[in-house]
Amino acid sequence: MNNREFWRHAAANIHWYQAPDTVLDEENPPFYRWFSDGSTNACYNALDLHVEQGRGDQAALIYDSPITATKRQYSYNELLDEVSQFAGVLAAQGVEKGDRVIVYMPMVPEALIAMLACARLGAVHSVVFGGFASNELAVRIDDASPKVIVSATCGVEPARVVPYKPLLDAAIDLAKHKPCACIILRRPMQDASMISGRDLDWAEAMADAQPVPCVPVAANDPLYILYTSGTTGQPKGVVRDTGGSIVALKWSMKNIYNVAPGDVYWAASDVGWVVGHSYIVYGPLFAGCTTVIYEGKPVGTPDPGAFWRVIAEHKVNVMFTAPTAFRAIKKEDPQGKLLQQYDTSCLESLFLAGERCDPNTLAWAEDKLGVPVIDHWWQTETGWPICSNCLGIELLPIVPGSPARAVPGYDVQVLNEQGEQVAAGDIGALVIKQPLPPGTFTTLWNAEDRYISAYFSRYPGYYETGDAGYIDENGYIFVMARTDDVINVAGHRFSTGAMEEVLADHPDVAECAVVGVADPMKGQLPLGLLVLNADVDRPLEDIVAESIQLMRDKIGPVAAFKLCAVVERLPKTRSGKILRGTMRNIADGERWKMPATIDDPIILDEISSALQTLGYANQAR
Ligand code: COA
Ligand code: AMP
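Note that the coordinates shown come from a computational prediction; the quantities given were computed from them, not determined experimentally.

A. Structural context of the overall build of the chain. When helices and strands are tallied, the chain shows 17 helices and 30 strands. Projected onto the principal axes, the alpha-carbon positions of the chain cover approximately 70 × 60 × 55 Å. Counting all 621 residues of the chain, 61% fall into the buried class. The long-range fraction of contacts in the chain, counting pairs at least 24 apart against all pairs at least 6 apart in sequence, stands at 70%. When the accessible surface of the chain is totalled, it reaches about 23,300 Å², and 49% of it is carbon and sulfur. In the chain, 51 side chains carry a positive charge and 76 a negative one; their mean positions are 2 Å apart.

B. Region of the structure containing the site of ligand 2. As a matter of local geometry, ligand 2 sits amid 15 residues, with His 376, Thr 380, Asp 467, Arg 482 and Arg 493 nearest to it. In this structure, a nitrogen atom belonging to ligand 2 sits 3.5 Å away from a main-chain N or O atom of Glu 355. In this structure, an oxygen atom belonging to ligand 2 sits 2.6 Å away from a side-chain N or O atom of Asp 467. Coverage of ligand 2 by the protein chains reaches 92% of its 490 Å² of free accessible surface. Classifying every residue of the shell around ligand 2 by side-chain character gives 4 nonpolar, 5 polar and 6 charged.

C. Representation of empty space enclosed by the protein in the model. One pass over the full model with this rule turns up 5 cavities of 30 Å³ or more. Volume-wise, the largest cavity comes out at about 100 Å³. Considering the residues around the largest cavity, the lining is formed by 14 residues, among which Tyr 32, Trp 34, Leu 436, Thr 440 and Phe 441 are closest to the centre. Its residues assigned to classes, the lining of the largest cavity comprises 9 nonpolar, 4 polar and 1 charged. When residues of the lining of the largest cavity are assigned to domains, at least three map to each of domain 1 (3–296) and domain 2 (428–482). As a volume, the second largest cavity reaches approximately 70 Å³.

How each quantity is defined
Residues numbered from 1 in each chain as written. Chains lettered and ligands numbered in written order. Predicted model: local features only at pLDDT ≥ 70, side-chain atom pairs only at ≥ 80, totals over all residues. Heavy atoms only, no water. Helix = DSSP H or I, 4+ residues; strand = E, 2+ residues; numbered from the N terminus. Buried < 20%, exposed > 50% of the residue type's maximum accessible area, 1.4 Å probe, protein only. Contact = heavy atoms within 4.5 Å. Areas by Shrake-Rupley, 256 points an atom, 1.4 Å probe, with all protein chains shown as cover. Lys, Arg positive; Asp, Glu negative; His and termini not counted. Charge placed at Lys NZ, Arg CZ, Asp CG, Glu CD. Near = heavy atom within 4 Å. Polar contact = N/O pair within 3.5 Å; in protein donor to acceptor, adjacent residues only side chain to side chain. Nonpolar A, V, L, I, M, F, W, Y, C, P; charged D, E, K, R; others polar. 1 Å grid on protein atoms, 1.4 Å probe; cavity = no way out; pocket = protein on both sides within 12 Å on 5 of 7 lines; lining within 4 Å. Points joined across faces, edges and corners; volume = space filled by probe spheres on them. Domains from an automatic or database assignment.

Put into structure tokens, the structure is as follows:
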């Protein structure tokens, strides 16, 4: 079966108001269009369809929040009612097809309800992760220009309640664009002052609303915008279309994750990330599964047995999380003693993604859970896995360190600097031959030129993933490192360039560099080095503390920026390029070579001692 027949066949498995005749429109590369003459609705496919097909009484959503001691369950009937009603709330605020709605919420069912309500109306949601600070939210408000923002009074973290409303108010103050209305979910643990004429109480608005039906949209109409880190402070607004997403995600649920309608699928992530979009909200519901919204952590809520409890209590069949979560559990309960308190025999497989999965973590999870542990590789841009062991097709031998082979629809290759394919086992840029399959990003919001320049210009005819790696002689792909300045902190993606922009804003900082250094639990942590202006005569500790606070205020606590030191100078090449890679190698205690192009070799000794004071080992050249 060729690529088109393959996807025509997969597309027959979803609900269309108007089934597409055209499978792939190749008129305007790299803007390929899948199912361009089809018309559908994502909410219809997620909810209405299952109710019509007799699944109305089945659990659609389980909310489990150890952090607030709350559990709640919604059947497909109930979730459809809530979503239709909330779509009525949005419609009453003038939200129509194509309008943008920002969702800035913690892990509560209402976040998912708001997303699906947007989809019901054909409006475009843009979820902003709750751990982001006002400044990041403001940048997204200005780019997406939402008619409405949906938020909550707070999020709850193990050590504190995080008031969201003041962050939202500050973001709207900072932004040039102003929404017409904000709908605020008032949570019992935190109230907030409401701005008259702009803010509406979720519960009151729901009580007054009329449910609305689904609005058919063109397959290529955007379902959502999700911002992700680029190389600058301006994030990239990844745009996902509607038809391709439904087809690809539904296909992936059966063929990659091997779940059937009625199965319980749990992605322990956050709706603010792509994993949450694809595998907390849309994928499981398109497939008629029960999805779990977990508001808690792998450890500390209350203990490292939390994941096992959720699996056992809700009879989870397939789980998905980031390796960092398992590293956190392993650190606190290395023998997996708490696992013995729970019956996790319902679990069929565990999928890990979001960062490189180290073989130790994989082996530990396999040993303790006794199920296949599947490392799979994908990105915000692709929206669903590029490489995976596809359990619904065939379980291939698991090779630790590799997310297995390319998933059907992706032609993954490794190219050298000249754009030529390399031999098996040789490292190079991981690229995907165009066209990308359905469900991958169709453009960047407000930035078509950047879509081309950032992803499609370096290797003509290919999508540049930004990852480097190799393919072995058996077709197994190994993803080794990023080729850009993106770092991965606890499975969350950040740009060191954006972090440098924040530090450079400190009035005493003349120059700075941020590098990602290895961390045994979070994979990587950002580490900042500051060169101060010549006239600064304040305590250095104050400047370091202010810089750390600045990062929390501008990007958010989730960036986990706590390592920072002042240095005399930064190491540079003679042409002025900062040697970030060498600094990273020194910090990680890896062997490093004195770069031939370095301006002044002595500086590296100064950097080594600064890194040592932060607790980072260094090793002789
Ligand atoms: N709202 C507000 N603040 C948030 C937040 C949110 N939604 N999410 C995280 N934060 C804050 C935390 O409170 C913490 O703040 P602190 O510096 O004041 O302690 C900071 O951001 C870092 O949070 P986190 O990344 O959760 O680190 P942690 O040290 O608290 O926990 C792990 C470490 C490994 C347990 C945690 O990162 C985790 O559960 N990771 C799972 C991976 C994951 O979900 N990845 C998503 C892609 S699959
Ligand atoms: P995000 O867009 O936040 O999902 O981050 C995507 C990036 O995370 C990828 O480009 C990789 O660098 C990294 N990543 C995700 N999954 C894996 C994996 N299984 N192995 C190695 N790196 C991964």
